[in-house]
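# Commentary on secondary and tertiary structure
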Amino acid sequence: MPTVSMTVNGKAVTADVEPRTLLVQFLRENLRLTGTHVGCDTSQCGACLVHVDGHARKSCTMFAWQAEGANVTTIEGVANGNTLHPMQEAFREHHALQCGYCTPGMIMAAIDMVNRKGNELDDHTIRQELDGNLCRCTGYHNIVKAIAAGARAMK
Amino acid sequence: MTKHDDVANSPVLKEHLPALASVPAQIGDPHVRQAGTIGGSIANNDPNADYPAACLGLGATIVTSKRKIPADEFFTGMFSTALEPDEIITRVSFPIAKKAAYQKFRHPASGFALVGVFVSKRGPDIRVAVTGAGSNGVFRVTAFEEALKKRFSPKSIEGIAVPADGLNSDIHANAEYRAHLIGVMAKRALAAATARGGGED
Ligand SMILES: Cc1cc2nc3c(=O)[nH]c(=O)nc-3n(C[C@H](O)[C@H](O)[C@H](O)COP(=O)(O)OP(=O)(O)OC[C@H]3O[C@@H](n4cnc5c(N)ncnc54)[C@H](O)[C@@H]3O)c2cc1C
Ligand code: FES
Ligand code: FES
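Moving on, we get to the nonpolar core. Of all hydrophobic cores here, the largest spans 32 residues; its most connected members are I42, Y51, F74, V92 and F118 of chain B. Listed by contribution, the elements that provide at least two residues to this core are α3 (18-21), α5 (38-44), α6 (51-58), α7 (71-74), β5 (89-93), β6 (99-106) and β7 (113-122) of chain B. Per-element accounting of this core gives the leading share, 6 residues, to α6 of chain B. The residues contacting V92 of chain B, other than those within four sequence positions of it, are M1, I38, I42, C55, A60, T61 and I62 of chain B. Ranked by size, the runner-up nonpolar core spans 28 residues in total, among them L49, A56, I75 and C135 of chain A.

As structure tokens, this is what we get:
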């Protein structure tokens, strides 16, 4: 089995995996980082979003070996010790989750959105940018509010 | 191959061929656009994909590890192309057309084209390519192209019906509805192309 090596949440990791291992499987099953979820496995829902070299990627739609040598950040890697990331804090403050299944992906999408689009995000931009993130519970309103607030808090 | 996002945001394309830049801008969601490529899209030749319409509608040339294939010969049917098993797309070359536009009727859930029409005029070469509708994948509407030779304007195709024969019927839309949409989207594309390209040519 081929060996893959990458940095995940600042830690160097190496493992022997089958070539067909998806990045999300590698994160969840090899590294036991189960904050990254699988909602659809077909690139539709965004529950599996992680950052690969600073870009949001659906980890169900890439092989682990495609992240060879890359810097991967998962939801477990965004807080600073016991202090939540401003975007996590905004989701908590604005009650932007119910069951929480979509939340890790939403937060990774939101941080990527701020990185690309800046700290002042209007509702229209946020909703358009969330095209690839599905939530079956909240109806999105509070997620949109949380992202706008989290974006400002990230300044 | 070039990612959807890179084509959509290319300053060169936005200046010289904005119609082409507009195609990947309408594909999927931001994360799909940061991962998917033009080569993957046209090699797959999904009957509802957007790029095949742009390639056929502009008369692109698909450059592979072995040869150059004109778009007219590349798309051979539903999920089928002229590619051989050991052949890989390395480049896609597009001619610049001043008058060109793409109009897509997005499926409200999947975002794929229920019907998408790409039109272009480059000198005497007039093309109207349709994706999403044909049961054999992307195709050209020669009746529209003939009518547009007189004048490249939405008015020229008024009253020309596209036959529903050979169009897809599924849970999303029946063949008659798709046939109707082809006319509507073609007129919108022609209006956009003439607005963009100005006067003659
Ligand atoms: C949620 C979602 C929404 C989408 N919405 C749309 C949409 O609205 N419109 C649309 O058009 N598409 C849409 N797509 C499809 C998307 O554009 C394609 O999945 C993407 O372009 C595939 O590109 P890829 O580079 O990832 O190819 P892959 O998935 O890696 O490859 C696809 C196929 O092409 C072959 N291939 C790849 N590159 C080459 C090459 N250079 N030469 C030869 N063969 C090659 C592969 O072997 C494979 O058979 C959507 C996809 C998803 C997941
Ligand atoms: S699990 Fe990856 S997008 Fe749904
Ligand atoms: S909170 Fe349940 S899916 Fe979004």
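Alright, that's what it looks like, and here's the rest.
With 8 residues of chain B at the contact, the number on the chain A side is 14 residues. Summed over both partners, the interface of chain B with chain A comes to about 800 Å²; 46% of that surface belongs to carbon and sulfur atoms. Among the residues of chain B in contact with chain A, P30, H31 and Q34 of chain B are the three that bury the most area, contributing 64% of the side total. For the pair chain B and chain A, the interface holds 2 salt bridges. Two residues, D29 of chain B and K58 of chain A, come together in a salt bridge whose shortest N-O distance is 2.7 Å. On the surface where chain B and chain A come into contact, there are 2 residue pairs in polar contact (both at pLDDT 80 or more). In the side of chain B that touches chain A, the residues fall into 3 nonpolar, 3 polar and 2 charged.

For the coordinates displayed, the defined rule picks out 3 aromatic pairs over all chains. Ring plane angle 85 degrees and centroid distance 5.0 Å describe the contact between F74 of chain B and F75 of chain B, whose orientation is recorded as edge-to-face.

Our next topic: the pairing of β7 of chain B. Residues and elements named next belong to chain B. The buried fraction of β7 amounts to 9 of the 10 residues, a majority that puts the element mostly inside the structure. Strand direction decides the pairing type here: β6 and β7, joined by 8 bridges, are antiparallel. Within β7, the position partnered with A101 by the bridge is V119. Where β6 folds back onto β7 in an antiparallel hairpin, the turn is made up of 6 residues, including G111, whose phi is positive at roughly 85 degrees. When β7 meets strand β8 (residues 125-131), the two strands line up antiparallel, connected through 7 bridges. When the sheet's bridge partners are listed, V119 is paired in β8 with V128. Here β7 folds back onto β8 in antiparallel fashion, the turn holding 2 residues, of which G123 has a positive phi close to 55 degrees.

A separate point is the pairing of strand β1 (residues 3-8) of chain A. All names here are of chain A. The side-chain alternation of β1 yields one buried face, formed by V4, M6 and V8, and one unburied face, formed by T3, S5 and T7. Pairing analysis gives 6 bridges linking β1 to strand β2 (residues 11-16), with the strands arranged antiparallel. Across the sheet, residue V8 finds its bridge partner in β2, namely K11. Linking two consecutive strands that pair antiparallel, namely β1 and β2, is a turn of 2 residues; a positive phi of about 50 degrees is found at N9 within it. When β1 meets strand β5 (residues 71-73), the two strands line up parallel, connected through 2 bridges.

What follows is about the domain arrangement of chain A. Residue and element names in this part refer to chain A. Taken domain by domain, chain A holds domain 1 (3-77) and domain 2 (86-153). Counting residues at the interface gives 17 residues for domain 1, matched by 13 residues for domain 2. For the pairing of domain 1 and domain 2, the buried interface totals around 1200 Å² over both sides, and the portion due to carbon and sulfur atoms is 60%. If you sort the residues of domain 1 by the area they bury against domain 2, L49, H51 and I75 come out on top, with a joint share of 42%. For the interface between domain 1 and domain 2, the tally reads 0 salt bridges.

Rules used throughout
- Residues numbered from 1 in each chain as written.
- Chains lettered and ligands numbered in written order.
- Predicted model: local features only at pLDDT ≥ 70, side-chain atom pairs only at ≥ 80, totals over all residues.
- Heavy atoms only, no water.
- Core = buried A, V, L, I, M, F, W, Y, C linked by side-chain atoms within 4.5 Å.
- Buried < 20%, exposed > 50% of the residue type's maximum accessible area, 1.4 Å probe, protein only.
- Helix = DSSP H or I, 4+ residues; strand = E, 2+ residues; numbered from the N terminus.
- Contact = heavy atoms within 4.5 Å.
- Buried area = accessible area lost by both parts, 1.4 Å probe.
- Salt bridge = Lys/Arg side-chain N within 4 Å of Asp/Glu carboxyl O.
- Polar contact = N/O pair within 3.5 Å; in protein donor to acceptor, adjacent residues only side chain to side chain.
- Nonpolar A, V, L, I, M, F, W, Y, C, P; charged D, E, K, R; others polar.
- Phe/Tyr/Trp six-rings, centres within 6.5 Å; stacked < 30°, edge-to-face > 60°.
- Pairing = 2+ DSSP bridges.
- Domains from an automatic or database assignment.

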